[in-house]
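Structural characterization, general
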Amino acid sequence: MCLEVWSCLYRIADFEFSLQGTDRQLRELAESVYSGARIADGNPGRRYRLSRSEGRFVLSCGGEEICSQPALPEFFQDLEWALTAQAMERLGHFLQIHGAAAQVRGQQAMVLIGEHGAGKTTLVVALARLGARIFTDEVALLDPGRLKLVPFRRDLILHTEAQALFPDLARGAYTPEFKRFAEYSYVSPSVIDGDNDLEPSVLGLMLFPRLKPGSAVSCKPIGPAEAARRLLAHSFNLCDFEERCTDIVGRVVENCEAVEWVFGDAREAASRILTGAHRLG
């Protein structure tokens, strides 16, 4: 019996890859993972295979197993992170920042930098609900030469707070069961802002969110020295740029406004941020 081979193509910046297989259930998973980075055609530099073996779901490349799990939800999580790690490894020529990013009104972009729990994902979803375009909620790619943010359209991870604000996203019909967990759900950015065809956008604002339940929205400017310190603290690979490190950070803080936003309700904060978005363009 000849099984039909399916293939899904993806592009993150200049890294193209494919997921291939014959299993129908795994095809559904492949069409859901990284769907915000799907492309119709291309020339994948890496080809990954999804299969079943001895009661386990398996991701492999070139005959070498990368990860496997007996249950589909856990396999989805391992697969998603494995693809993220592989993409980050191959995109080392971009400065990789632990932050969310969005494009404002088709013009310049903002990066939201902060620790886990700072409200980055919740805030970027709230911004998108008001018309911004989602670039990422976790790994922001910055072209160090042009100071442009580049889309990294992995799934958003909506934790309890975000699910409470956006219940339609957490439990919508477009969120397969294997992407839902007790305290969080994976949601494709394309569900929120549609078109996956996003171009790099000049970085105009560094925004440092701080989620404080029950707090009113407030903001304060951050000086260049403090902005540089925070950027350094939240960069995944800045040390790889060696002697260029100081120059890159210096140009970012010189060209980008830096603001800290404290908020209890991300929707209110997003509205306030976008009210001042004219300063970006």
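Up top is the structure.
To start, this report covers the structure provided alongside it. Please read all numbers here as calculations on a predicted model, not as lab measurements.

We now examine the overall build of the protein. Secondary structure summary: the protein contains nine helices and 16 strands in total. Radius of gyration (C-alpha) of the protein: 19 Å, near the 19 Å computed for a compact globule of 281 residues. Seen through its principal axes, the protein has C-alpha atoms that stretch 65 × 45 × 30 Å. In the protein, once contacts between residues fewer than 6 apart in sequence are set aside, the share between residues at least 24 apart is 69%. Of the accessible surface of the protein, which amounts to about 12700 Å², a share of 48% is contributed by carbon and sulfur atoms. The distance from the centre of the 31 positive side-chain charges to the centre of the 37 negative ones in the protein is 4 Å.

The buried fraction of strand β5 (residues 56-61) is high, at five of six residues. Note that strand β4 (residues 46-53) and β5 share six bridges and pair antiparallel. Bridge pairing links arginine 49 to serine 60 in β5. Taking the residues between adjacent antiparallel strands as the criterion, β4 and β5 are bridged by two residues, where glutamate 54 takes a positive phi near 50 degrees.

This part takes up the pattern of salt bridges. Per the counting criterion, the structure on display carries 18 salt bridges. Among the salt bridges present, the one from arginine 129 reaches aspartate 168, with a minimum N-O distance of 2.7 Å. Linking arginine 129 in helix α3 (residues 120-129) with aspartate 168 in helix α5 (residues 167-170), this pair joins segments that are 39 residues apart in sequence. Given the relative accessible area of 40%, arginine 129 is considered partly exposed. The exposure class of aspartate 168 is partly exposed, given its relative accessible area of 37%. For arginine 180, the salt bridge goes to glutamate 177, with nearest N and O atoms at 3.4 Å. A relative accessible area of 19% means that arginine 180 is categorised as buried. A single salt-bridge network, built from bridges that share partners, covers Arg210, Lys220, Glu226, Arg229, Arg230 and Glu260.

Below, the discussion takes up the environment of alanine 102. Here alanine 102 shows up in strand β7 (residues 95-103). For alanine 102, a relative accessible area of 1% corresponds to the buried category. The spatial distance from the C-alpha of alanine 102 to the C-alpha of valine 124 is 6.7 Å, given a sequence separation of 22 residues. Setting aside residues up to four positions removed in sequence, alanine 102 forms contacts with Ala109, Met110, Val124, Ala132, Arg133 and Phe135.

Looking at chain direction, strand β2 (residues 15-21) and β4 are connected through four bridges and run parallel. Directly across from glutamine 20, in β4, lies its bridge partner arginine 49.

Quick look at the nonpolar core now. Ranked by internal contacts, the top residues of the largest apolar core, which has 36 residues, are Leu19 and Leu50. Broken down by secondary-structure element, the contributors of at least two residues to this core are β1 (6-12), β2, α1 (24-32), β4, β5, α2 (72-90) and β10 (139-143). Filtering out sequence-adjacent residues up to four positions away, leucine 19 remains in contact with Trp6, Ser7, Cys8, Tyr10, Ala30, Val33, Tyr48, Leu50, Leu59 and Leu83.

So, about the side chain of aspartate 155. In this structure, aspartate 155 sits in the loop between β11 (148-150) and β12 (156-159). On the basis of relative accessible area, aspartate 155 is assigned to the buried category, the value being 0%. At a separation of 2.7 Å, a polar atom in the side chain of aspartate 155 contacts the side chain of lysine 179. If near-sequence neighbours (up to four positions away) are discounted, aspartate 155 is found in contact with Ser32, Tyr34, Ser35, Phe76, Glu80, Asp137, Lys179, Tyr186, Val187, Ser188 and Pro189.

Two modes of strand pairing occur in sheets, parallel and antiparallel, and in both the strands are linked by backbone hydrogen bonds. The six strands are arranged β3-β1-β2-β4-β5-β6 in an open sheet whose pairing can be described as mixed. Only two strands of the sheet have a single partner each, and these edge strands are β3 (38-39) and β6 (64-69). Relative to the sheet, α1 contacts β1, β2, β3, β4 and β5, its axis offset from that of β1 by approximately 15 degrees.

The rules behind the values
Residues numbered from 1 in each chain as written. Predicted model: local features only at pLDDT ≥ 70, side-chain atom pairs only at ≥ 80, totals over all residues. Heavy atoms only, no water. Helix = DSSP H or I, 4+ residues; strand = E, 2+ residues; numbered from the N terminus. Rg over C-alpha atoms; globule rule 2.2 N^0.38 Å. Contact = heavy atoms within 4.5 Å. Areas by Shrake-Rupley, 256 points an atom, 1.4 Å probe, with all protein chains shown as cover. Lys, Arg positive; Asp, Glu negative; His and termini not counted. Charge placed at Lys NZ, Arg CZ, Asp CG, Glu CD. Buried < 20%, exposed > 50% of the residue type's maximum accessible area, 1.4 Å probe, protein only. Pairing = 2+ DSSP bridges. Salt bridge = Lys/Arg side-chain N within 4 Å of Asp/Glu carboxyl O. Core = buried A, V, L, I, M, F, W, Y, C linked by side-chain atoms within 4.5 Å. Polar contact = N/O pair within 3.5 Å; in protein donor to acceptor, adjacent residues only side chain to side chain. Axes fitted to C-alpha atoms, helices over the stretch in contact; angles between N-to-C directions.

Just distances and angles here, no functional claims.
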